[in-house]
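Spelled out from the first residue to the last, the chains are:
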Amino acid sequence: MYQLMTGLNIHFDRARTFIFKHKPSMKTVEEHKEILTAIRKKNKNKAKECIERHLHQYILDKEQFEKEYSYYFNKSED
C-alpha cells in the first residue's frame, strides 16, 4: 500500500500545481484557517463540511489539464 501511495504522489503534485495556477492562493489560506478553527473547536461537523467543500470545489477541468500538460499523457491511436 505504501508503494502504491508513494507512486501516486507525483500525480497528486501535478494536479495540485495545476489547481494552484488557476486559483487565488489567499482563498486557499482562508479555507485552511477555517478548517483549523473548526478542528481546534472540536466541531467535527463543521470541520467535515469545510474539508469537503475545500476538496470538492477543485475538481480538475480534465480538458484544460490535458491541454496544458499534454506531455503527461500517452495518447494511443484508435
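The coordinates are above.
Described below are features of the structure shown in this document.

What counts as what
Residues numbered from 1 in each chain as written. Predicted model: local features only at pLDDT ≥ 70, side-chain atom pairs only at ≥ 80, totals over all residues. Heavy atoms only, no water. Helix = DSSP H or I, 4+ residues; strand = E, 2+ residues; numbered from the N terminus. Expected span 1.5 Å × (residues − 1). Buried < 20%, exposed > 50% of the residue type's maximum accessible area, 1.4 Å probe, protein only. Arc of directions from axis to C-beta. Salt bridge = Lys/Arg side-chain N within 4 Å of Asp/Glu carboxyl O. Patch = residues over 30% accessible without salt bridge, like charges linked within 9 Å, V, L, I, M, F, W, Y side chains within 5 Å. Areas by Shrake-Rupley, 256 points an atom, 1.4 Å probe, with all protein chains shown as cover. Contact = heavy atoms within 4.5 Å.

Here we come to helix 2 (residues 25-40). For the α-helix, the turn length of 3.6 residues means that residues three or four positions removed from each other point alike. End to end, helix 2 covers 23 Å across 16 residues, agreeing with the expected 22 Å (1.5 Å per residue, within 8%). Every buried residue of helix 2 is listed here: T28, E31, I35 and A38. Along the axis of helix 2, the buried positions cluster into a sector of 90 degrees, meaning they face one direction only. Among the exposed residues of helix 2, those pointing more than 90 degrees away from its buried face are S25, M26 and R40. Once helix 2 finishes, K42 follows within two positions and takes phi at roughly 60 degrees, a positive value.

Within the secondary structure layout, H11 lies in helix 1 (residues 2-21). Judged by relative accessible area, H11 falls into the partly exposed class, the value being 43%. Between the alpha carbons of H11 and Y72 there is a distance of 9.4 Å; along the sequence they are 61 residues apart.

This model, assessed by the stated rule, comprises seven salt bridges. Across the pair R53 and E34 runs a salt bridge, and its minimum N-O distance is 3.1 Å. On the criterion of sequence distance, the pair formed by R53 in helix 3 (residues 44-56) and E34 in helix 2 is long-range, its members being 19 residues apart. Across the salt bridge formed by K48 and E52, the nearest N and O atoms sit 3.5 Å from each other. With a gap of four residues between them, K48 and E52 both fall in helix 3, about one helical turn apart. Accessibility expressed as a relative area gives 52% for K48, which makes it exposed.

There is a patch of nonpolar side chains on the surface, built from L36, I39, I51 and L55 and spanning about 350 Å² of accessible area. Residue assignment for the nonpolar patch shows that the elements contributing at least two residues are helix 2 and helix 3. Mapped onto the elements of the fold, I39 is located in helix 2.

The end-to-end C-alpha distance of helix 3 is 18 Å, a good match for the 18 Å that 13 residues give at a rise of 1.5 Å each. Among all positions of helix 3, only A47, C50 and H54 are buried. For helix 3, the angular spread of the buried residues around the axis is 70 degrees, confining them to a single face. In helix 3, those exposed residues whose orientation departs by more than 90 degrees from the buried face are K44, N45, K48 and H56. As for helix 3, its buried residues are in contact with helix 2.

Fair warning: the whole summary comes from geometry, so function is off the table for now.
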